[in-house]
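# Fold and geometry: a report
So you can see what is in the structure, the chains are spelled out below.
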Number of protein chains: 2
Amino acid sequence: MSSSLSPLPSLAELAAGFPADFLVADPDLAAGYGRDRTGDYAGTSFAVARPRSAEELAALVRRCAALGLGLVPQGGLTGLVGAAVPGEAPPEVVVSLDRMSAVRSLDPIGYTMVVEAGCVLETAKQAADAADLLLPITFGAQGSCRIGGNVSTNAGGFNVLRYGMTRDLVLGLEVVLPDGRIWNGLRTLRKDNRGYDLKQLFIGAEGTLGIVTAAALKLFPKPTQVETALIGLASVEEAMALYARARRSCSDLLSAFELILRDGLDLALAHRPELGDPLETRCPVYVLMELAAGGSVDLRAVLERALEEAGEHLLDGTIATSRAQADRLWFYREAMVEAQSRGGPYYRTDVSVPIAAIPAFLDSVLAELAGSLPEGRPITYGHVGDGNIHLNVVPPADWSREARKRLFAEAEEVIFTAVDRFAGSISAEHGIGRSKKRALMARIDPVTLDLMRGLKDMLDPDHRFSSGRIFDRRPAEPPAP
Amino acid sequence: MSSSLSPLPSLAELAAGFPADFLVADPDLAAGYGRDRTGDYAGTSFAVARPRSAEELAALVRRCAALGLGLVPQGGLTGLVGAAVPGEAPPEVVVSLDRMSAVRSLDPIGYTMVVEAGCVLETAKQAADAADLLLPITFGAQGSCRIGGNVSTNAGGFNVLRYGMTRDLVLGLEVVLPDGRIWNGLRTLRKDNRGYDLKQLFIGAEGTLGIVTAAALKLFPKPTQVETALIGLASVEEAMALYARARRSCSDLLSAFELILRDGLDLALAHRPELGDPLETRCPVYVLMELAAGGSVDLRAVLERALEEAGEHLLDGTIATSRAQADRLWFYREAMVEAQSRGGPYYRTDVSVPIAAIPAFLDSVLAELAGSLPEGRPITYGHVGDGNIHLNVVPPADWSREARKRLFAEAEEVIFTAVDRFAGSISAEHGIGRSKKRALMARIDPVTLDLMRGLKDMLDPDHRFSSGRIFDRRPAEPPAP
């Protein structure tokens, strides 16, 4: 008989031998580990465990194997694809990393830090900052998300353009494996070609192959100068041409290049009318660009010269002359993101296409959405310097839950089909989790699927870690004849 | 009975159905594929095949499986660890990628290119350069090595500091698998979090898990300014302090930071006395540093200010005022590398330690070498901005082959033991191949070994690809009872 049909073990069996506070006892507290930050995903766990060390977690993994329980690791619950929220079958133990939150070390000569998985990203960034160093992972949820989640989702964000994805910043990992052993790959070496680079297996694997307990990360000199500009342009094509030129004219010191379409700005202004139009000219397309540098570079002059060279291609623009002004420019983007959810749930995407294909992709998909879903309001923004578009669709505020659900399914069909046409990705930075596994499986080629399954079967043959994420749950074995 | 005991198939069986020129027929030409550039490694292949496409290679892989032959992919034969030179048992077919050498595409907006595995690195660099773009992989062998080899060894070089290892530059791969299928992961997306990042498996795997046939690579704006300085310092410690300061004061525009010890410079000067001492002051330690940028940054001013700030920490220094002067400064390094081999074979290493540990590591290991191997002349240089040291030992010119061999073994023991003490790597950028597999296996932990073996067994269960590299050959199966 398969383990999922066995009677459930008791909490006492699970907790035996661990410290008294190893499991979260208070049911209200435990419920907090069963729902993600959006509330879109919720589930009930068998128990919530809060290990203090990789060794304690490894012991828990072995115990769970003996008791037929699954495990799901949990960071800040900000991933948006349901990967870290507990499922029902087989019963899962949530592994919260929140007790493993130390910054273990920081090396200002080697430009590295070693951080435990439960450390909140913002806390790790502050520790680097206090040593005049930069941990460049930067995005909205940085005050809640945790390093282990950043690694396990290969998190992106605003600064990928300059510093890469989380994968590019990981030098080493400590991982608890599904067989209950600890893999110690926690190195700070910049160059290490001793055989296969095993840490790559666990980065972006969403907890399905191992549970990351600590990471060694690359740091950078902390920028002492930041310049921010908001530029208005006639088209997305002009925005992408500006991007290609600006990388060149700004000595690759661009740290962010965010696209906002007028529709999105209008939504922000409706929500926050006190902001006022950011530029004198009303433009179809805006770009929020940021340069960062240290040392004696005259960064303002570099930015001014770059915009001067772009000259006639720009409709309008403004350069912030103070941090407060720069914050105000960024606030337009935040207000837009905030405004989307004012009328209730909306459809969110996180897709990417080759950078040069962005204009044609957006032309095509926005025309199709206007044709087939005229009631939905498409809001487009994204880290376009990385080809990453968040193309969302906001339904009318008075629509029912059912009507919204239909709209979401139809919008997804239109958008993902266009992504396929442009050889893009249906998940640029959030991963697959539970929300995109059907869409992934519908378009994955058989060789890729075999290789992915091979890795899962090699590392987690009983599908005990984060089962039902990325892949569908393995069907329960039929009873023996 | 195991396949290695079967009678050898005929060349006609291997070649049936392929184009007439698929195998290299001329024995002299074929012999050229059996020896690496140093002549340190040589072997005899069963045949040399030169496929024109991934499909043709896939058909060859299936044929070899049917005939019980192994395969070993070959690029420019500049890897220095014997990975691409054919072995004897099981008999191996060399797969030369030299007919698959096209630059398939180049995208100046997305800053990407797609190149076939057999393209010589220099050719790919020139194609990028012609479009005002930079493919940053840069090292001595770039005129001979090929992209597939760069990917399969995760090649390093001078510019890792700024642009990362080859791994960091790969966006997508096309790979022929040991089961004879083609994995098409040839994407140019900057962000793609759809499940496991399978391309990572093949980067740095030295051909043991698959044969790379094409790669999509990240490009950068071509620098329009380069500034080069040679700095003299009192100690390695001062050099590393200069590195940490210079990253900061140069806005992370450092593109190279090469360490040379006085011993190495003396060797270069003995070999090329016409060069003369590069600085007025005779210094124990030299650093060759280079900054690169495009756009309107005043790069010379940035470098001058950075050196000014370092002030009293520098003993002496010079900034090149022309490309010719810069080439001359780099030539000291080349002359040193050249001079090492003048007295016959010498012991070469390619190790790394955490950057901050370099001074203590070198102090310790050089003292030990002086104590235990006083006849050997240690030559130390390296890409120390990445923690990567090439610490070589040159025996007296009149030593016999046997005496050298003993010295090499003793030097390796001293150096690798010191690397272990400083938690470093015995292979920073060249890989394991055949030359370091014993040293790797002597210090690998059991969990890492299990995971590495698991990957090999998953992808190449019959150990048909590059057998005997990284791992020892699997012993032939015992005859059935």
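Residues numbered from 1 in each chain as written. Chains lettered and ligands numbered in written order. Predicted model: local features only at pLDDT ≥ 70, side-chain atom pairs only at ≥ 80, totals over all residues. Heavy atoms only, no water.

A few words now on the nonpolar core. Among the nonpolar cores identified, the biggest contains 204 residues, and Phe202 and Met289 of chain A together with Met289 of chain B are the most heavily contacted of them. In contact with Met289 of chain B, not counting residues within four places along its chain, are Glu227, Thr228, Ala229, Ile231, Leu242, Ala246, Leu254, Ala256, Phe257, Leu303 and Leu307 of chain B. (Core = buried A, V, L, I, M, F, W, Y, C linked by side-chain atoms within 4.5 Å. Buried < 20%, exposed > 50% of the residue type's maximum accessible area, 1.4 Å probe, protein only. Contact = heavy atoms within 4.5 Å.)

Two strands in a sheet stick together by hydrogen bonds in their backbones, pointing the same way (parallel) or opposite ways (antiparallel). Residue and element names in this part refer to chain A. What the three strands build is an open sheet, ordered 1-3-2; its pairing is parallel. Each edge of the open sheet carries a strand with a single partner, namely strand 1 (47-49) and strand 2 (70-74). When the angles between neighbouring strand axes are averaged without regard to direction, this sheet yields 30 degrees. In this fold helix 3 (residues 54-67) packs onto strand 1, strand 2 and strand 3 (92-96), with an angle of close to 175 degrees to the strand it touches most, strand 3. (Pairing = 2+ DSSP bridges. Helix = DSSP H or I, 4+ residues; strand = E, 2+ residues; numbered from the N terminus. Axes fitted to C-alpha atoms, helices over the stretch in contact; angles between N-to-C directions.)

What follows covers the pairing of strand 7 (residues 170-176) of chain A. All names here are of chain A. Across the seven residues that make up strand 7, a large majority, seven, are buried. Alignment of strand 7 against strand 9 (residues 211-218), held across six bridges, turns out to be antiparallel. Bridging from a neighbouring strand, Val170 pairs with Leu217 of strand 9. Where strand 7 meets strand 8 (residues 182-185), four bridges bridge the pair, whose relative direction is antiparallel. Residue pairing for strand 8: Val176 is matched across the bridge by Ile182. Hairpin remark: strand 7 followed by strand 8, antiparallel, with five residues in the connecting loop; positive phi at Gly180, about 85 degrees.

Here we take up the domain arrangement of chain A. Residue and element names in this part refer to chain A. Domain boundaries assigned for chain A yield domain 1 (3-96), domain 2 (103-221), domain 3 (225-341) and domain 4 (344-421). Taken over C-alpha atoms, the centre of domain 2 sits 29 Å from the centre of domain 3. Contacts between the two partners involve four residues from domain 2 and, on the opposite side, eleven residues from domain 3. When the two sides are added together, the surface that domain 2 and domain 3 hide from each other amounts to roughly 650 Å², 57% of it contributed by carbon and sulfur. (Domains from an automatic or database assignment. Buried area = accessible area lost by both parts, 1.4 Å probe.)

Before going further, it helps to examine the interface of chain A and chain B. Reports of interface size often rely on the accessible area that becomes lost once the parts have come together. In this complex, chain A contributes 93 residues to the contact, which on the side of chain B involves 92 residues. Between chain A and chain B, the buried area comes to about 7,000 Å², and carbon and sulfur atoms account for 60% of it. Three residues, Lys191, Asn193 and Tyr196 of chain A, lead the burial of chain A against chain B; their summed loss comes to 15% of the area buried on that side. In this structure, Arg167 of chain A engages Asp197 of chain B in a salt bridge whose closest nitrogen and oxygen atoms are separated by 3.2 Å. Linking chain A to chain B there are 38 residue pairs in polar contact (both at pLDDT 80 or more). Looking at the side of chain A that touches chain B, the elements that each hand over two or more residues are helix 7 (166-169), strand 8, helix 8 (199-202), strand 10 (220-221), helix 9 (236-249), helix 11 (299-310) and helix 16 (446-459) of chain A. (Salt bridge = Lys/Arg side-chain N within 4 Å of Asp/Glu carboxyl O. Polar contact = N/O pair within 3.5 Å; in protein donor to acceptor, adjacent residues only side chain to side chain.)

Before going further, it helps to examine the sheet that holds strand 11 (residues 225-233) of chain A. Residues and elements named next belong to chain A. Strand order in the open sheet formed by seven strands is 14-11-13-12-16-17-15, with antiparallel pairing between adjacent strands. At either margin of the open sheet sits one strand with a lone partner, and together these are strand 14 (316-319) and strand 15 (351-352). The sheet contact formed by strand 16 (residues 377-383) and strand 17 (residues 388-394) spans seven bridges and is antiparallel. Bridge pairing in strand 17 places Thr380 opposite Leu391. Each of strand 12 (254-261), strand 13 (285-293) and strand 16 is contacted by helix 10 (residues 262-271), which is oriented at about 105 degrees to strand 16, the strand it contacts most. Packed on one face of the sheet, helix 11 meets strand 11, strand 13 and strand 14 and runs near 15 degrees to strand 11.

The next subject is the packing of aromatic side chains. On inspection of all chains with the given rule, the structure shows 18 aromatic pairs over all chains. Both rings, one in Phe158 of chain A and one in Trp330 of chain A, keep their centres 5.0 Å apart while their planes meet at 70 degrees; by these two values the pair is edge-to-face. Here Phe158 of chain A, found in the loop between helix 5 (147-153) and helix 6 (160-163), pairs with Trp330 of chain A, found in helix 12 (residues 323-340); they are 172 residues apart in sequence, far enough to count as distant. The buried category is assigned to Phe158 of chain A, whose relative accessible area is 17%. Here the aromatic residues Tyr111 of chain A together with Tyr243 and Phe257 of chain B are joined through ring pairs into a cluster of three or more. The ring of Tyr111 of chain B carries Arg247 of chain A above its face, with NZ or CZ at 4.2 Å from the centroid. (Phe/Tyr/Trp six-rings, centres within 6.5 Å; stacked < 30°, edge-to-face > 60°. Lys NZ or Arg CZ within 6 Å of the ring centre and 35° of its normal.)

For the rest of this paragraph, the subject is the relation of the copies chain A and chain B. With an RMSD of 0.0 Å, chain A superimposes on chain B once it is rotated by 180 degrees and translated 0.0 Å along the axis. On the angle and the small slide along the axis, the relation comes out as a two-fold axis. With an isologous cut-off of 70% or more, the 99% of interface residues of chain A that recur at the interface of chain B puts this contact in the isologous class. (Least-squares fit on C-alpha atoms with pLDDT ≥ 70 in both.)

With that settled, the discussion passes to the environment of Ser235 of chain A. Residues and elements named next belong to chain A. Along the chain, the position of Ser235 falls in the loop between strand 11 and helix 9. By relative accessible area, Ser235 is classed as partly exposed at 25%. Between the C-alpha atom of Ser235 and that of Cys283, which follows or precedes it by 48 residues, the distance is 8.7 Å. A polar side-chain atom of Ser235 sits 3.0 Å from the main-chain amide nitrogen of Glu238.

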